[in-house]
Amino acid sequence: MTEMEPYVQLVHERFMRRALDLARRGWGTTHPNPMVGAVIVEQGEVVAEGFHEKAGEPHAEIMALRHLGRLPRPGAILYVTMEPCSTEGRTGACTTAIIAAGLTHVVVGAVDPNPVHSGHGFEVLRAAGVQVTSGVIEADCADLNLIFNHWIVSRTPLIAAKAAVTLDGKIATRTNDSQWITGELARADVHLWRRLFPAIAVGAGTVMSDDPSLTSRLGKNVWCPVRFVFDGLLRTVVDKKLPKIYSDEYKDRTIVVTTPHGGLGYVRKLQAMGVQVWNIDSPTMRAPLTEFRRLCVEAGITGVFIEGGAQMISELIQTRQLDYLFVYRAPILLGDDRAKTVFKGLRTETLAHAVQLQSVRHTSFGPDQLMRGRVLYPEKLQVDETTFSMG
């Protein structure tokens, strides 16, 4: 962060948090673009606001200037959560609009993560005589765009997983009783993340045992992302009574990820119902996740939120394919060796060989807590081959 007086820093943080609140209005609607908010301040008062609503629509800075409806007054400050773009896209470069409006001071949260553009917007503005203050609540501004940041740097979807566990890391009792480990507030937060991610994924076991809807339900609003079912043997299609996600009103947004081991007859059955099938070549009944990522790129799917089951999440870690992890923890202790564990299959002999989380965030939901962060793998990840098999 640019060094500044404590009072000035607090003022900048106050207006940047307002810009962050505005950016969140684009929650789940801006893919593949980032969420961005902007505020124009004159003499310590907010005079105009804007946010990026969806791809192809004007960026936050442009919207704020439009809502102002006139040129900013001398000394006006623009607050924006991400470095203004400096390239001519569908909506024009934001740096050009800022300079044309006569703004002389821009306060920015996060730097553009795109290595091609990172910092260039600052250079353009400064070359035009605009003062740039950067790094204001940068971590919060960057955290807002977890999916975009990963996509723009790696050009692959962010693969994230969610688990709800007891204090001792269990997801169910020995009799499979698991509803509900966490309370209503924590479960509501899951629906918020479902709304952010373009796609949700589960394994065949979760579909067969829980028959989930895999939709985001926020109040009366229901949103259905792309729904992936990993089912290498097409076990979910065998019974006459099929899961609801194969027949509900959103069935065309369901994609079954399978292998040739599942049988063409079941593939045709799914396709006849309007369900999509990604049949990925594999010597085993496990669909290679590297190929799954490639197909997501082709489909423009920038992030996948995996909700289980435990075997699927564990194998994602074993194969180093999990990028981000959400763990909701409830104040419940089972203390039973035969209770169901969410993470397994590794041979972690020292703490130095443990999987860790980076850029960790903590949030409380009543008595429950969420810990989330980017997955960091040790150099040597030892896998217990006796547990490595897709269910």
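Note: the structure precedes this text.
Quick notes on the rules
Residues numbered from 1 in each chain as written. Predicted model: local features only at pLDDT ≥ 70, side-chain atom pairs only at ≥ 80, totals over all residues. Heavy atoms only, no water. Buried < 20%, exposed > 50% of the residue type's maximum accessible area, 1.4 Å probe, protein only. Helix = DSSP H or I, 4+ residues; strand = E, 2+ residues; numbered from the N terminus. Pairing = 2+ DSSP bridges. Axes fitted to C-alpha atoms, helices over the stretch in contact; angles between N-to-C directions. Contact = heavy atoms within 4.5 Å.

(A) Spatial organisation of the pairing of strand 3 (residues 77–82). With six of six residues buried, strand 3 lies mostly within the body of the structure. Here strand 1 (residues 37–42) pairs with strand 3 via four bridges, running antiparallel. Looking at the pairing, Ala38 lines up with Val80 of strand 3. Pairing of strand 3 with strand 4 (residues 105–110), which is carried by four bridges, proceeds in the parallel orientation. Residue pairing across strands places Tyr79 opposite Val107, the latter belonging to strand 4.

(B) The sheet that holds strand 3, seen in detail. One open sheet accounts for five strands, arranged 2-1-3-4-5; its pairing is mixed. Strand pairing shows two members of the sheet lacking a second neighbour, strand 2 (45–51) and strand 5 (131–133), which therefore form its edges. Each adjacent strand pair in this sheet contributes to an overall mean axis angle of 20°, direction not counted. As paired strands, strand 4 and strand 5 are joined by three bridges and run parallel to one another. By the bridge assignment, Val107 is partnered in strand 5 with Thr133. Across the sheet, helix 2 (residues 60–68) lies against strand 1, strand 2 and strand 3, angled at about 130° from strand 2, the strand it touches most.

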